[in-house]
Amino acid sequence: MHSSLVTDGIYRLSAKVHNILFEGVWPIPHGVSMNSYIVKGDEVAIIDGVCGWDGVPETLFRQLDDIGVDIKDIRYVVLNHLEPDHSGWLQSFMKLTQGFEIVASAKGIDVAKAFYGFDERFRFRAVKSGDTIDLGGGKKLLFEEIPNVHWPETIATYEMSSKTLLPCDAFGSFGAIAEDAPFDDQLSEKQLAFSRARLCATTRTSSRPSRFRSKRRSRSSLPSRSR
Ligand SMILES: [Fe+2]
Ligand SMILES: [Fe+2]
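Note that the coordinates shown come from a computational prediction; the quantities given were computed from them, not determined experimentally. (Residues numbered from 1 in each chain as written. Chains lettered and ligands numbered in written order. Predicted model: local features only at pLDDT ≥ 70, side-chain atom pairs only at ≥ 80, totals over all residues.)

Draft legend 1. Just the nonpolar core, in detail. If you look at the biggest cluster of nonpolar residues, it comprises 42 residues, and the most contacted ones within it are Ala45, Val77, Leu79, Ile102 and Val103. Here the element with the most residues in this core is strand 5 (residues 32-40); it accounts for five residues. The contact partners of leucine 79, leaving out residues within four places of it in the chain, are Ser87, Ile102, Val103, Ala104, Gly108 and Ala112. (Core = buried A, V, L, I, M, F, W, Y, C linked by C-beta atoms within 7 Å. Buried ≥ 20, exposed ≤ 12 C-beta atoms within 10 Å, placed from the backbone. Helix = DSSP H or I, 4+ residues; strand = E, 2+ residues; numbered from the N terminus. Contact = placed C-beta atoms within 7 Å.)

And the structure:
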């Protein structure tokens, strides 16, 4: 898989994965593509990430070479979401460079520390809705908290000059990206509907706040006691 230009200064790095069960449960017969995005201003940010298995991080690093980004030039690592299919690559990445700042929601930073045991060499920036980071060169990132899409720590990132939204799992879909059709307006409505429905079914329905879930269960889902 190759990198692709999204718009001026923004690139998608992508790795395809087949023959896996999503969350260890859900078959995804057309595979899935895990995507990471580079925003190049005067400084470079990488937004969202990929899993840590099957050589996927190395696929990502090769694509950095393709777009002329030295891994050590990455100044910000924006973690929209900490689920391992988005964050597992960090274990490989942090061995290669430590000169970056980790950007996530406050909850996301707690999860990152718990998962990956960052030591004192690493810097963290907790962001909330409305916070920005100016990369220079006309590129500016704006953050929005979108909790429970579909873990509680999730944020979306918006590049203001190009009006590019990087929404994490909010508008994703299953299905490995075809090399010759990397954008969704190149797919048929039928292809889109199938992929989106499956993602919605597997990521939205299990992530409501627990208080709501337990209330629902007590009303309708728990088995009745026989008397
Ligand atoms: Fe997720
Ligand atoms: Fe995801």
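Draft legend 2. Representation of the sheet that holds strand 1 (residues 4-7) within the structure. Reading across from one edge, 1-2-5-6-7-8-9 is the order of the seven strands in this open sheet, with mixed pairing throughout. Of all the strands in the sheet, just strand 1 and strand 9 (123-126) have a single pairing partner and so form its edges. Pairwise comparison of adjacent strand axes, ignoring direction, gives a mean angle of 25 degrees for this sheet. Relative to strand 9, strand 8 (residues 101-104) runs parallel, the two being bridged by four bridges. What sits directly across from alanine 104, in strand 9, is alanine 126. Taken strand by strand, helix 1 (residues 56-66) contacts strand 2 (10-17) and strand 5, and its axis lies near 150 degrees from that of strand 2. Sheet contacts for helix 4 (residues 106-116): strand 8 and strand 9; angle to strand 8, the most-contacted strand, approximately 130 degrees. (Pairing = 2+ DSSP bridges. Axes fitted to C-alpha atoms, helices over the stretch in contact; angles between N-to-C directions.)

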